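# Overview (structure and organization)
Chain by chain, the residues run as shown.
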There are 2 protein chains.
Amino acid sequence: MAQQTGTARRTPLSRERVLRAAVAFADRGGIEALSMRGLAQELDVVPMALYKHVANKEQLLDGMVDMIVGEIAPADGGDGWKAAVRGRVLSARAVLLRHPWAPRVIESRTAPTPGVLGYLDSVIGMLRAGGLSADLAHHAMHALGSRVWGFTQELFPSPPVADPQDRAEALGALSAHYPNIAEIVAARPHEPGSVVGGGCDDRFEFEFALDLLLDGIERLHRSAWSSTPQS
Amino acid sequence: MAQQTGTARRTPLSRERVLRAAVAFADRGGIEALSMRGLAQELDVVPMALYKHVANKEQLLDGMVDMIVGEIAPADGGDGWKAAVRGRVLSARAVLLRHPWAPRVIESRTAPTPGVLGYLDSVIGMLRAGGLSADLAHHAMHALGSRVWGFTQELFPSPPVADPQDRAEALGALSAHYPNIAEIVAARPHEPGSVVGGGCDDRFEFEFALDLLLDGIERLHRSAWSSTPQS
DNA sequence: ACCTGAACACCGTTCAAGT
DNA sequence: ACCTGAACACCGTTCAAGT
């Protein structure tokens with residue numbers, strides 16, 4: 001009675017419904033707010049009811065990752081492997097922008113889920129279809145690293161300093177101890193549209209590094225690079 | 001009395017001693033085992049005693065990061081910016097191999113500590129000393145991302161499958177659903193020295209991607225690249 | 001003034017008692 | 001057989017009572 005308000009029965013729980021609610025919960029309140037107890041309350045259910053559909057919290061997180069990996073746009077052919085991989089990765093990035101908690105959760109997984117393996121397999125397939133050797137494709141995947149999921153580990157979140165005067169003061173304090181950082185921050189172009197809260201242009205930085213890597217991989221491919229050098 | 005066994009007074013607590021113990025604790029038992037209560041017990045002290053030296057657990061983690069950043073070898077001049085940055089980053093990697101918990105903690109920081117800023121500033125300084133523009137140095141730092149700390153986000157930890165027969169079976173199961181992954185795993189060279197537990201050669205993968213990025217940055221530098229294209 | 005035991009408000013998960 | 005309340009073994013941190 002404490003859990004069921006009113007007399008109408010709720011939609012019965014299912015793994016699907018649990019996972020969907022968990023994703024929505026994390027989207028709204030952040031991953032650190034997501035608890036089994038809190039999620040149960042959200043679903044108007046006793047905490048232990050969740051354990052009928054997920055073995056434990058780790059498996060809940062696994063399921064959440066699989067769910068959002070499913071949101072990544074499927075591969076489309078044409079335009080060559082480089083454009084295809086680029087497009088797919090940028091699609092993954094768009095997904096992660098909707099689920100800011102996902103990078104941290106992806107990082108914390110200890111074993112790959114089927115959805116994760118399927119996505120990786122399909123990206124490798126795009127490289128192979130483009131003629132890259134298994135060897136180069138392998139190292140290319142490692143080099144791309146978390147970028148195939150659409151995120152990079154930022155060095156640190158740049159603090160949003162909105163007020164111009166605060167900004168000037170912070171810059172002064174910075175340059176006293178960290179002149180090189182201060183120089184970079186000062187030189188940063190400041191277009192209000194593309195830059196959020198005075199930070200760097202995440203999209204630009206992401207594509208800059210992605211293209212640096214894809215161009216380098218393409219160069220190696222053209223020169224028939226191999227990790228075990230031919231004699 | 002419950003905390004102090006015997007009559008001899010322990011070395012008095014200090015921030016230094018707390019941080020050092022926390023690092024040792026995480027090195028030994030992993031970061032998820034590190035709790036304020038457990039750390040206090042390790043130091044033979046009542047939990048609340050820690051709060052004299054760190055404001056809370058977040059500040060404890062900040063201090064731990066600063067402590068290991070201090071272990072990174074200082075910059076040495078000569079050999080050009082590329083070799084200098086490369087050497088410094090590989091030194092950072094050596095530090096992180098001693099502290100496997102550090103990547104996850106570094107990622108979870110919400111504001112940079114002085115030690116972190118100092119390290120970043122010095123790496124930027126190396127790029128600038130090599131003649132790179134502030135603009136290029138800025139984007140280069142973003143592109144390197146967590147690699148300047150000596151780690152990359154692995155896609156997922158490759159499960160160590162020691163037994164050759166298990167390995168063959170796992171490969172068969174893999175190829176049924178994920179042919180491209182299976183191909184790469186099968187093609188993987190298998191030198192017992194460099195490869196731990198059947199996984200990839202982490203050192204090779206790290207240097208492969210690092211050099212891809214450094215070479216790309218060098219190429220942009222030589223061509224006087226700018227993020228705001230000259231008309 | 002300093003230190004610290006107990007308490008608070010949480011966790012994830014086990015388990016036995018209820019239907 | 002299924003479901004679930006209570007309990008267990010933890011957390012980080014507050015706070016008031018002790019010295």
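Rules used throughout
- Residue numbers run consecutively from 1 along every chain, following the written order of its sequence.
- As a convention, the first chain written is A and the first ligand written is 1, with the rest following in written order.
- At least 70 in pLDDT is required for a residue's local features to be given in this predicted model, at least 80 for side-chain atom pairs to be given and counted, and no such filter applies to totals for whole chains, interfaces and linings, which use all residues.
- Processing note: side-chain calculations cover all non-hydrogen atoms of the structure and skip hydrogens and water entirely.
- Helical segments are the DSSP runs of H or I of at least four residues, strand segments are the runs of E of at least two, and each set is numbered from the N terminus.
- Each residue after the first adds 1.5 Å to the expected span of a helix.
- In what follows, residue pairs with any heavy atoms lying within 4.5 Å of each other are defined as contacts.
- Take a side-chain nitrogen of Lys or Arg and a carboxyl oxygen of Asp or Glu: if they are within 4 Å of each other, that pair is a salt bridge.
- Three exposure classes are used, based on accessible area relative to the maximum for each residue type with a 1.4 Å probe and protein chains only: buried under 20%, partly exposed in between, and exposed over 50%.
- When the copies are superposed, the least-squares fit takes in the C-alpha atoms of residues with a pLDDT of at least 70 in both.

Going by what an unreviewed UniProt entry lists, chain A is known as TetR/AcrR family transcriptional regulator and is assigned to Kitasatospora camelliae.

## As for helix H4 (residues 80–98) of chain B
Here H4 of chain B spans 28 Å end to end across 19 residues, near enough to the 27 Å set by a 1.5 Å rise per residue. Of the surrounding elements, those touching the buried residues of H4 of chain B are helix H3 (57–69), helix H5 (102–108), helix H6 (114–129) and helix H10 (202–222) of chain B.

## Describing the pattern of salt bridges
Residues and elements named next belong to chain A. Per the stated rule, a full pass over the model turns up 24 salt bridges over all chains. The shortest N-O distance in the salt bridge between Glu16 and Arg20 comes to 2.0 Å. Of this pair, Glu16 and Arg20 both sit in helix H1 (residues 15–29), separated by four residues, roughly a single helical turn. Take Glu16: its relative accessible area is 41%, and that puts it in the partly exposed class. In this structure, the salt-bridge partner of Arg86 is Glu207, at a minimum N-O distance of 3.1 Å. Separated by 121 residues along the polypeptide, Arg86 in helix H4 (residues 80–98) and Glu207 in helix H10 (residues 202–222) bring together distant segments of the chain. Classification of Glu207 by relative accessible area gives buried; the value is 17%.

## Description of the relation of the copies chain A and chain B
The operation relating chain A to chain B is a screw motion whose rotation component is 180 degrees, with 0.0 Å of axial translation and a residual RMSD of 0.1 Å. The symmetry that links the two subunits is that of a two-fold axis. The residues that chain A uses at the interface reappear at the interface of chain B in 100% of cases, marking a shared surface.

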